[in-house]
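Working through the structure, step by step
Chain residues, written in single-letter form:
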Amino acid sequence: MYQYDHYDQAIVDQRVAQFKDQTQRFLRGELSADEYQPLRLQNGLYIQRHAPMLRIAVPYGMISSDQLRAVAEITRKYDRGYAHISTRQNIQINWPELERVPDILADLSRVQMHAIQTSGNCIRNITTDQFAGVIDGEQLDPRPYCEILRQWSTLHPEFAFLPRKFKIAISSNTTDRAAILAHDVGIELKRASKGVVADIYVGGGLGRTPIIGSLLKANLPAEDLIGYLEAVIRVYNQFGRRDNKYKARIKILAKAMGIEAFGAKVDVQWALKKQSDLQITESEVERVSAYFSAPDYQNFDAELPSNLQSRLSENRLFARWFEKNTLTHRQPGYRIVNVALKSAGIAPGDITHTQLDALAQLADRFSFGELRTTHQQNIVLADVAQNQLYELWLALQMHELAAPVIGTLHDMICCPGGDFCSLANAKSIPIAQAIQARFDDLDYVYDLGPIELNISGCMNACGHHHIGHIGILGVDKKGREFYQVALGGRQGREASIGKILGPSFGAEDMPDVIAKILDVYVSQRLDEETFIHTYDRIGIDPFKEAVYATSH
Amino acid sequence: MQHLTSTETHTDPYQFSVFTPSTTEPHAAAPGLRDWIDADIKPSRVTIAPGEDFAVLFDQLHKLQAIEIQFPVFTDGRGFSTARELRERGYTGTLQATGAFITDQIEYLSRCGFNAFEFQSASHAKVAQVRLAQAREVYQGDARQPLPLFRRRISQTRETL
Ligand code: HEM
Ligand code: SF4
């Protein structure tokens, strides 16, 4: 993965010193709360329900074992011994003291980490496919471009006070795992005869007004990415609404202007930037790409080794985990391993300091010292030799990190909700836990096949409820917590927004409601049909009838 | 009011100069863009408020001596884009930030091409002056240093990292 040189380090160190100064001036009363707010947000520091929350950047999800250990240490030293993986691949800690945040940032900078632009109205952490570089179906490794754009967007002088936050995702695979159509800008990288080119999608996003992104420019030469993005964001900065924060995202502007008119304005700016020093040089692409070259793989057969085969046939638990949590690797003899942070009784995406340390050690032993965070709020060990899988699994089991639930009903996305977040209408974590507890029979869960269930505690949609096959949204009804259910949403290339089932439910009814929905699926499905395909075939009505039949 | 103005005249719009604070009386405010458009004899100064379409100025930039860009609240970042676009279009005169920007924005402002700032107090001007004198490493090219870091980086070999 990318390593800082003295330039990168200097930039982060300057920011640490600057933020320390800003925080001290705030604490001395020299900087007002209003002035301090955007400055702290640009450094990942929220003030939420109980305490500040600090969001640590994990650029495009890549994190080294040393960095993970540093995060574990930070949760012990400054927080409550656990961290949370966010849906944008970052790491959050929920209980730091404001006074000590500058020290946390200093600790992070020692392992080439920071919290720059993890919140605030600026360009946020750029996300990508968690399997970049190791999965089939990829046209090229997107990570060198992610890094080049990370550097460009970091402390950009023009774009630090945008109308609203700005999120970019990049994919370069036939399967889009980065949700590029649900981002302010989505970039699809492709190989063409003239080199790498990019399709630029604009104006996707969830939140109050979920919109799927539209194609703005096809086949942009990749060396023009910086100049073109500057043109797009300048148009947004100048014309995006600033009078109403719920209408301030680029999706609203692109819809209001129409994609054509928006594109025409972009082209005016783009003409100023074409053929300028903004063009990404070949030598820079080479320099950065070198950090993402393949690790020293051993030469193995693609075949499963015989000892692995016998383990698989002897040990049902291991076999389940192998089937659910590991994936075919591009390199023969290796597999991609997903570590699900979805064990019963913990908030989805939460991980303790001992688990963080354990994973760091396992990454060193089995996966070249690197890990990835995922948008499903899990962690990936991307390069595990097949003949070491059993050993790895035993170790994961010891640390309760072997839940064999990837892609199942248990693998929910869930925002912090009312337990932590001051914007929440309702709690979300207890709903996730109640559903997991209700469906604790894993054989039933496996039989259900792939299901994405996403929960948000309010319209801001941090839990991506719009694009879950089953989406749950916390709503407030006269001061009481209720939940609205939607069906049929999905992410990826066929991204679409779920349809609302009907009137909302109380928290205590939610496990039953989900059970009824799943019963309809099980009774109506044909052969191997998945939940979402059955939904597509039969529509929402049978679900409606089943769910509202008895509760009325 | 305090003014902090670049003392050097510069030919290259992306050259930034040393600032010295002065305590002169505020000069008469530059006319607003509407008034400028309506004037028969075009004044050499003009003020742009956020949201105003300043395209009418593009073919007059060489005749303008000073453009003031207003910040009604410091979180309204439109002025950053306005400044940078004017510089990209070749404007080389004085570019002054006025209004509610804060000293914590001073580096970004200067990097976007502002070379004059109007402050509410001498202490703010002083803080800003100190900030601007500090050398910083940055990734992007800007008004002070036109080349992005990737065109300036003297690569170390990977072994020495
Ligand atoms: C607890 C503190 C949090 C606060 C105060 C907060 C606040 C918000 C707000 C206000 C929005 C809506 C922005 C808009 O519509 O423009 C939003 C969106 C979002 N948040 Fe959070 N959030 C928090 C935690 C999280 C966490 C823990 C995650 C990840 C699990 C997360 C992921 C997201 C995502 C993915 C969106 C995307 C919606 C979009 O881009 O359209 N947030 N958040
Ligand atoms: S969806 Fe709402 S409740 Fe959940 S974290 Fe986001 S803002 Fe808070």
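Up top is the structure.
This write-up is about the structure you can find in this document. (Residues numbered from 1 in each chain as written. Chains lettered and ligands numbered in written order. Predicted model: local features only at pLDDT ≥ 70, side-chain atom pairs only at ≥ 80, totals over all residues. Heavy atoms only, no water.)

**Examining the overall build of chain A**
- Scanning chain A for helices and strands turns up 18 helices and 21 strands.
- Here chain A has a C-alpha radius of gyration of 23 Å; the compact-globule value for 552 residues is 24 Å, and the two agree.
- For chain A, the spread of C-alpha atoms along the principal axes amounts to about 60 × 60 × 55 Å.
- The 552 residues of chain A split such that 63% are buried.
- Long-range contacts, defined here as pairs at least 24 residues apart, represent 67% of the contacts in chain A between residues at least 6 apart.
- For chain A, the exposed surface amounts to about 20,400 Å²; the carbon and sulfur share of it is 49%. (Helix = DSSP H or I, 4+ residues; strand = E, 2+ residues; numbered from the N terminus. Rg over C-alpha atoms; globule rule 2.2 N^0.38 Å. Buried < 20%, exposed > 50% of the residue type's maximum accessible area, 1.4 Å probe, protein only. Contact = heavy atoms within 4.5 Å. Areas by Shrake-Rupley, 256 points an atom, 1.4 Å probe, with all protein chains shown as cover.)

**Re the coordination of the iron atom of ligand 1**
- You will see that the iron atom of ligand 1 has only one donor from the protein, Cys462(A) (SG), lying 2.2 Å away.
- Within the secondary structure, Cys462(A) sits in the loop between strand 17 (453–456) and strand 18 (470–477). (Donors = N, O, S within 2.8 Å, 3.2 Å for Na, K, Ca; no water.)

**Thoughts on unusual backbone geometry**
Residues and elements named next belong to chain A.
- The phi dihedral of Tyr60 falls on the positive side, at around 40°, and the residue is not glycine.
- Relative to the assigned elements, Tyr60 resides in the loop between strand 2 (52–56) and strand 3 (62–64).
- With a phi angle near 65°, Gln377 is a residue other than glycine that sits in the positive phi range.
- Take Gln377: it is sitting in the loop between strand 14 (370–373) and strand 15 (379–385).

**Notes on the interface of chain B and chain A**
- Across the boundary between the two partners, chain B contributes 41 residues, which contact 51 residues of chain A.
- Between chain B and chain A, roughly 3,900 Å² of surface is buried when both sides are summed, and carbon and sulfur atoms account for 51% of that area.
- Contact with chain A buries surface across chain B, with Tyr139(B), Phe150(B) and Arg153(B) losing the most and accounting together for 19% of the total.
- Between Arg84(B) and Glu158(A) there is a salt bridge, and its shortest N-O distance comes to 2.2 Å.
- Our count for the chain B to chain A interface comes out at 26 residue pairs in polar contact (both at pLDDT 80 or more).
- Elements supplying a minimum of two residues to the side of chain B that touches chain A: helix 2 (78–88), helix 3 (106–111) and helix 5 (149–152) of chain B. (Buried area = accessible area lost by both parts, 1.4 Å probe. Salt bridge = Lys/Arg side-chain N within 4 Å of Asp/Glu carboxyl O. Polar contact = N/O pair within 3.5 Å; in protein donor to acceptor, adjacent residues only side chain to side chain.)

**What about the layout of surface pockets?**
Residues and elements named next belong to chain A.
- By volume, the second largest pocket amounts to about 960 Å³.
- In terms of lining, the second largest pocket is formed by 35 residues, of which the most central are Gln376, Gly407, Pro450, Glu452 and Gln491.
- Sorting the residues of the lining of the second largest pocket by element identifies helix 11 (316–325), strand 11 (326–328), helix 15 (442–448) and helix 17 (531–538) as the ones contributing at least two each.
- Broken down by element, the lining of the second largest pocket gets its largest block of residues, 3 residues, from helix 17. (1 Å grid on protein atoms, 1.4 Å probe; cavity = no way out; pocket = protein on both sides within 12 Å on 5 of 7 lines; lining within 4 Å. Points joined across faces, edges and corners; volume = space filled by probe spheres on them.)

**Points about helix 4 (residues 101–109) of chain A**
- Extensive coverage of helix 4 of chain A is indicated by the burial of 8 of its 9 residues.
- Within the span of helix 4 of chain A, buried status applies to Val101(A), Pro102(A), Ile104(A), Leu105(A), Ala106(A), Asp107(A), Leu108(A) and Ser109(A).

**Quick word on the environment of Thr174(A)**
Residues and elements named next belong to chain A.
- Mapped onto the elements, Thr174 comes out in the loop between strand 7 (168–171) and strand 8 (185–192).
- When the C-alpha positions of Thr174 and Arg493 are compared, they lie 8.4 Å apart, and in sequence the two are 319 residues distant.
- Once residues within four sequence positions are removed from consideration, Thr174 is found in contact with Gly137 and Arg493.

**Remarks on the pattern of salt bridges**
- All chains considered together, the criterion is met by 44 salt bridges over all chains.
- The residue Asp536(A) makes a salt bridge to Arg490(A) at a minimum N-O spacing of 2.9 Å. Placement of Asp536(A) in helix 17 and of Arg490(A) in the loop between strand 19 (480–487) and strand 20 (499–500) is noted, with a sequence separation of 46 residues between them.
- Given the relative accessible area of 42%, Asp536(A) is considered partly exposed.
- For Arg490(A), a relative accessible area of 17% puts it in the buried group.
- A salt bridge links Glu68(B) to Arg45(B), with the shortest nitrogen-to-oxygen separation between them at 3.4 Å. With Glu68(B) in strand 4 (residues 66–71) and Arg45(B) in strand 3 (residues 45–48), the pair connects residues that are 23 residues apart, well separated along the chain.

**Side note on the sheet that holds strand 9 (residues 195–202) of chain A**
Residue and element names in this part refer to chain A.
- Read across the sheet, 5 strands follow the order 6-7-8-9-10 without closing on themselves; strand pairing throughout is mixed. The sheet is open, and its two borders are formed by strand 6 (127–128) and strand 10 (214–221), each paired with just one other strand.
- Two elements, strand 9 and strand 10, share 5 bridges in a ladder whose sense is antiparallel. Its bridge partner lying in strand 10, Ala198 is registered against Leu220.
- With respect to the sheet, helix 6 (residues 225–239) is in contact with strand 8, strand 9 and strand 10, its orientation differing from that of strand 10 by roughly 150°.
- Strands in contact with helix 8 (residues 259–273) are strand 9 and strand 10; relative to strand 10, the strand with the most contacts, it is inclined by about 35°. (Pairing = 2+ DSSP bridges. Axes fitted to C-alpha atoms, helices over the stretch in contact; angles between N-to-C directions.)

**Describing the site of ligand 2**
- The environment of ligand 2 is formed by Cys415(A), Pro416(A), Gly417(A), Cys421(A), Leu423(A), Ala424(A), Ser456(A), Gly457(A), Cys458(A), Asn460(A), Ala461(A) and Cys462(A).
- Looking at the shell around ligand 2 residue by residue, the class counts come to 8 nonpolar, 4 polar and no charged. (Near = heavy atom within 4 Å. Nonpolar A, V, L, I, M, F, W, Y, C, P; charged D, E, K, R; others polar.)

**Describing the sheet that holds strand 14 of chain A**
All names here are of chain A.
- Taken in spatial order, the 5 strands of this open sheet run 3-14-15-12-11, and their pairing is antiparallel. With partners counted over all chains shown, the strands left at the sheet margins are strand 3 and strand 11, one partner each. Taking the axes of each pair of neighbouring strands and ignoring which way they run, one obtains an average angle of 30° across the sheet.
- Sheet topology places strand 3 next to strand 14; 3 bridges connect them, and they run antiparallel. From the neighbouring strand, Ser64 faces strand 14, where its bridge partner is Glu370.

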